[in-house]
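Observations on the model geometry
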Amino acid sequence: MDTYSFEQLDISLGMEYALNKKPFYIDTLEIYLEETAQSEIELKEFMDAGDMQNYAISVHALKSNSRIVGAVEMGNFAESMERSSKAGDLQYVREHHYELMDLLENVRTEIRAYLKAQE
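Quick look at the structure, then.

Conventions adopted
Residues numbered from 1 in each chain as written. Predicted model: local features only at pLDDT ≥ 70, side-chain atom pairs only at ≥ 80, totals over all residues. Heavy atoms only, no water. Salt bridge = Lys/Arg side-chain N within 4 Å of Asp/Glu carboxyl O. Helix = DSSP H or I, 4+ residues; strand = E, 2+ residues; numbered from the N terminus. Buried < 20%, exposed > 50% of the residue type's maximum accessible area, 1.4 Å probe, protein only. Expected span 1.5 Å × (residues − 1). Contact = heavy atoms within 4.5 Å. Patch = residues over 30% accessible without salt bridge, like charges linked within 9 Å, V, L, I, M, F, W, Y side chains within 5 Å. Areas by Shrake-Rupley, 256 points an atom, 1.4 Å probe, with all protein chains shown as cover. Lys, Arg positive; Asp, Glu negative; His and termini not counted. Charge placed at Lys NZ, Arg CZ, Asp CG, Glu CD.

1. Looking at the pattern of salt bridges
Taken as a whole, this structure holds eight salt bridges when the rule is applied. E79 is the salt-bridge partner of R67, the closest N and O atoms lying 2.6 Å from each other. Taken as a pair, R67 in helix 3 (residues 52-69) and E79 in helix 4 (residues 72-86) lie far apart in primary sequence, twelve residues in all. Assessed through its relative accessible area of 25%, R67 is described here as partly exposed. A residue is classified by how much of its surface remains accessible, and E79, at 27% relative accessible area, is partly exposed. Put simply, K86 and E82 hold a salt bridge, and the shortest N to O gap is 3.1 Å. Taken together, the residues K86 and E82, both in helix 4 and four residues apart, mark about one turn of the helix. K86 sits in the exposed class, given a relative accessible area of 61%. Overlapping salt bridges bring together E40, E105, R108 and R112 as one network.

2. Let's talk about helix 3
Helix length check: helix 3, at 18 residues, gives a terminal C-alpha distance of 25 Å against a target of 26 Å (1.5 Å per residue), a fit within 8%. What helix 3 keeps buried is the set M52, Y55, A56, S58, V59, L62, K63, S66 and V69. Buried residues in helix 3 make contact with helix 1 (11-17), helix 2 (22-49), helix 4 and helix 5 (90-117). Once helix 3 finishes, G70 follows within two positions and takes phi at roughly 100°, a positive value.

3. Some words on a negative patch on the surface
Where like charges cluster on the molecular surface, the negative patch consists of E7, E73, E99 and D102. Structurally, E73 can be placed in helix 4.

Quick look at the structure:
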């Protein structure tokens, strides 16, 4: 198995979730990139509208999908945002939303680097 060292992406963990099948993992990463681009838009819209119920649903999916690809810190941060949004804590969500988006962009940057190395 290839050895890569990323700050936000645990390739070994992601490969475990993909049953150690690299093509399946690569597909999962590509889907993650597509889905998180849409999630980023939705999360901002929900936050701006103060819609904590839908924010919680969207960030829950981000949490789960992040963990599946091996982005543990992203999954954990999304979990804290999910808890806060479920509690209706709009102030917390607004204070930390862009930090979440910055972390998401770091994860996506690492995923793109990994995928490029697989070409």
